[in-house]
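# Chain and residue survey
The primary structure of each chain is shown beneath.
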Amino acid sequence: MQALFSQLVAGLSLGSVLLLAALGLALTFGQMGVINMAHGEFMMAGAYTAFIIQRGIADAGTSLLLAIPLGFLVGGVMGLILEATLIRRMYHRPLDTLLVTWGVSLILQQAARDIFGAPNVDVRAPGWLSGSIDIGFTQVPAARLFILALAVAAVLGLSLLLKTTPLGRRIRGVVQNRDLAETVGISTRSTDRLTFFIGSGLAGIAGVALTLLGSTGPTLGTSYIVDAFLVVVAGGIGQIKGAVIAAFGLGLLQATFEYSTTANIAKVMVFVVVVVFLQIRPQGIFSIRTRSLA
Amino acid sequence: MTATSAKLTGKLKRNYGTLLVFVLGAVALLLVAPTVLSDFRLSLLGRFICYGIVAVGIGLAWGRGGMLTLGQGVFFGLGGYVMAMHLKLADAGLSGVPDFMRLYGAGRLPFWWEPFRSPVVTLLGVVLIPSLVAFGLGAAIFRRRVRGAYFAILSQALAAAFAILLVGQVDTIGGFNGLNGFRSFFGFYLFDPVNKRMLFYIAALILLVMLAIVWQIYRSRYGELLIAVRDQEERVRFLGYDPANIKIVAYVLAAAMAGIAGALFVPIVGIISPANVGVVPSIAFLIGVAIGGRATLFGPALGAIAVAWAQTALSESFPSFWTYFQGALFVVVIAFLPGGFSSVNLLQNPLRRLGTRAGVTRSLQPSDAAAPPPPEPGLSGVSAGSEAGR
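Now for a look at the structure at hand. (Residues numbered from 1 in each chain as written. Chains lettered and ligands numbered in written order. Predicted model: local features only at pLDDT ≥ 70, side-chain atom pairs only at ≥ 80, totals over all residues. Heavy atoms only, no water.)

## Quick notes on unusual backbone geometry
Selection rule: Put simply, DSSP H or I for four residues or longer makes a helix, DSSP E for two residues or longer makes a strand, and each gets a number counted from the N terminus.
Although it is not a glycine, Phe186(B) sits at a positive phi angle of roughly 50 degrees. Relative to the helices and strands, Phe186(B) resides in the loop between strand E2 (184–185) and strand E3 (188–189).

Encoded structure:
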């Protein structure tokens, strides 16, 4: 029972990290169809933002709380620049976007290596996040609970934005039918830009959260980007809830497999499960029903 | 002159240019390079040729078939590891155990190593194992009409999973260090410069053979079908073909080429490790293909060799500069020059006359208008007419 419970906790914790990493992708890839391989480097930028802020503000708690909005801003602005310079030209060539953004991610990684140095840097966690919290059956590191809460907050915030605000309505309109949205007077250009800003900003937040789990290095993004894309593919594109279920599903699977094998084998098994799952549902958990052939 | 013979002469004329380039390439590789280059440089060129062989396959699958395969490193690695296992066993002697196993493992040979004692099984395995894996994966993915970005991401995840799997197996497959320290290649001592030269000739010959195979494929009805599937998969389906089968053939061929390249890479370079097969090397294979012109016959191999050459030259003197340069290459070539350098006007006309049949050339480059609709059910879906409207 206790083993089961600690696995559940490990899975949820892993899932929340995956979710934070994939949420921005669910917006930019899922909603806009842009495959942004530099998403991982936006996470890295968020993590380095937290590092820089902590050098200025010694108190770990304040700097963390400050890093979250600033990380969002840094990631978002980087995304905005990328959208305005490159991605804008390539909406009709999604596969080529993948390669172009990969090139961007190479450049950003090397830039991080040149600016911050190749060795990893550490961000101190605030005191109230360094201990563990006893939740009856098992001990849970407070930092992991914080990340879970952050992921839940990000999902709630994003779905509120999409469901209730005029901006969210415009985003959904453009996603569902670009031509029709344009016809009724929505500026699809500025909507694209804003969607990309928010998606990239979420990557920045994910990066800040990751500093609580480990050290930050130039290759931070690379280690998460493949998993994050797998989450979006398994979840089905176009909806946030698919990403949520897929992230926690894959997190729990990984934790379960890890219990009986090693972490490496577990990752391979998760990949196999996703491929088999796509045999049953090629469009992921949720797909918007359409009459198109694609 | 009868109609048939007129047709034949026309055909010969059209193929004349390609043949000329082919012969020039053969002369350059087999006669000029070995006399001009030092042994060290020749061995380097041999390594680049391995990348070129992978690139020929990627050109077939991606340039002509529209399948952006980000996992060629897996097939490269499968071929490479099969060859490396054989070389290790051959070095260890008749009933010996490879040195690293005595260091890290139980000192016993895992049962799945045994078949690779035989050179025949090894050579078959180099081709068949990547082909079978590609067939299984391709059948699973393409039959369910998973394509476009989904396919690209899955193939990338495959590369990640494969590298992770290898890193974890220290005792049986060398883990992070991979397999290295080979002494002989089918009985030929590897430190002998003459044998190194022989390896170069083998690699160059295989590259030429692959190019010849792909050339014939591009000229065949199948080659035309592959382009049709790339540009309008649904129409091909409506014409009564199964696009999945057409794609699987190209994907399997590309995998087999990558496997053969990997097997050549092992004796030439002397090591195969997870660093050669993961996500990063798999994508790095693509840049040369894109630069050379993904849908052309000679472009991918030339591009791959050129990029590898540039990498060696630049990273020797400016290591950090190379990464910036590589990133910039991806951005500039793909965003602004999707046809590669063979689509640049200066080069285009001679290449068009030389490299391809006139009829194919027109539909050669994946044009924006004819590109398959992006895999975005959320976007393309709601109105059935949106495809025409875009």
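## So, the environment of Ala84(B)
Residues and elements named next belong to chain B. Applicable threshold: Should any heavy atoms of two residues lie within 4.5 Å, those residues are counted as being in contact.
Mapping Ala84 onto the fold places it in helix H3 (residues 72–92). On a C-alpha basis, the gap between Ala84 and Phe200 in space is 17 Å, while along the polypeptide they are 116 residues apart. For Ala84, the residues in contact, after removing those within four places along its chain, are Leu179, Phe182, Val266 and Ile272.

## Examining the nonpolar core
Our working rule: We define a nonpolar core as any set of buried Ala, Val, Leu, Ile, Met, Phe, Trp, Tyr and Cys residues linked to one another through side-chain atoms lying within 4.5 Å. In this scheme, a residue with accessible area under 20% of its type's maximum is buried, one over 50% is exposed, and one in between is partly exposed, where area comes from a 1.4 Å probe on protein chains only.
Of all hydrophobic cores here, the largest spans 214 residues; its most connected members are Phe29(A), Leu99(A) and Ile49(B). Ranked by residue count, the leading element in this core is helix H11 (residues 243–269) of chain B, at 17 residues. Residues contacting Phe29(A), with those up to four places away along its chain left out, are Val34(A), Ile35(A), Phe229(A), Val232(A), Val233(A), Ile237(A), Ala149(B), Tyr150(B) and Ile153(B).

## Topic: the side chain of Thr191(A)
Turning to its location among the elements, Thr191(A) is positioned in helix H8 (residues 188–210). For Thr191(A), a relative accessible area of 1% puts it in the buried group.

## Section: the packing of H3(B) against H11(B)
All names here are of chain B. Convention followed: All axes here are fitted lines through C-alpha atoms, helices being fitted over the stretch that makes contact, and every angle between N-to-C directions spans 0 to 180 degrees. Reported orientations rely on four angle classes, namely roughly parallel under 35 degrees, roughly antiparallel over 145, roughly perpendicular from 65 to 115, and oblique for the rest. Less than a right angle of anticlockwise turn of the near helix away from the far helix marks a crossing as left-handed, whereas a clockwise turn marks it as right-handed.
Contact geometry of H3 with H11 gives a least axis separation of 6 Å together with a crossing angle of 40 degrees. In terms of orientation, H3 lies oblique with respect to H11. Where H3 crosses over H11, the two elements pack in a sense that is right-handed. Residue-level contacts link Gln72, Phe75, Phe76, Gly79, Gly80, Met83, Ala84 and Leu87 of H3 to Tyr251, Ala254, Ala255, Ala258, Gly259, Ala261, Gly262, Ala263, Phe265, Val266 and Pro267 of H11.

## Some details on the interface of chain A and chain B
Heads up, the rule is: Summed over both partners, the accessible area (1.4 Å probe) lost when two parts come together is defined as the buried area. The salt bridge criterion pairs a side-chain nitrogen of Lys or Arg with a carboxyl oxygen of Asp or Glu, the two atoms within 4 Å. Two N or O atoms form a polar contact when they lie within 3.5 Å of each other; inside protein one atom must be a possible hydrogen donor and the other a possible acceptor, and for residues adjacent in sequence the pair counts only when both atoms belong to side chains. Side-chain classes are defined by residue name, with Ala, Val, Leu, Ile, Met, Phe, Trp, Tyr, Cys and Pro counting as nonpolar, Asp, Glu, Lys and Arg as charged, and the others, Gly among them, as polar.
On the side of chain B, 56 residues touch chain A, which itself brings 54 residues to the contact. Of the roughly 5000 Å² buried at the junction of chain A and chain B (both faces included), carbon and sulfur atoms supply 73%. Taken together, the links from chain A to chain B amount to one salt bridge. One salt bridge connects Asp96(A) with Arg294(B), and the closest N-O pair in it is separated by 3.3 Å. Taken together, chain A and chain B are joined by seven residue pairs in polar contact (both at pLDDT 80 or more). Broken down by element, the residue count for the side of chain A that touches chain B peaks at 14 residues, all from helix H4 (residues 94–116) of chain A. Across the side of chain A that touches chain B, the residue classes tally to 34 nonpolar, 13 polar and seven charged.

Purely geometric numbers; function is a separate question.
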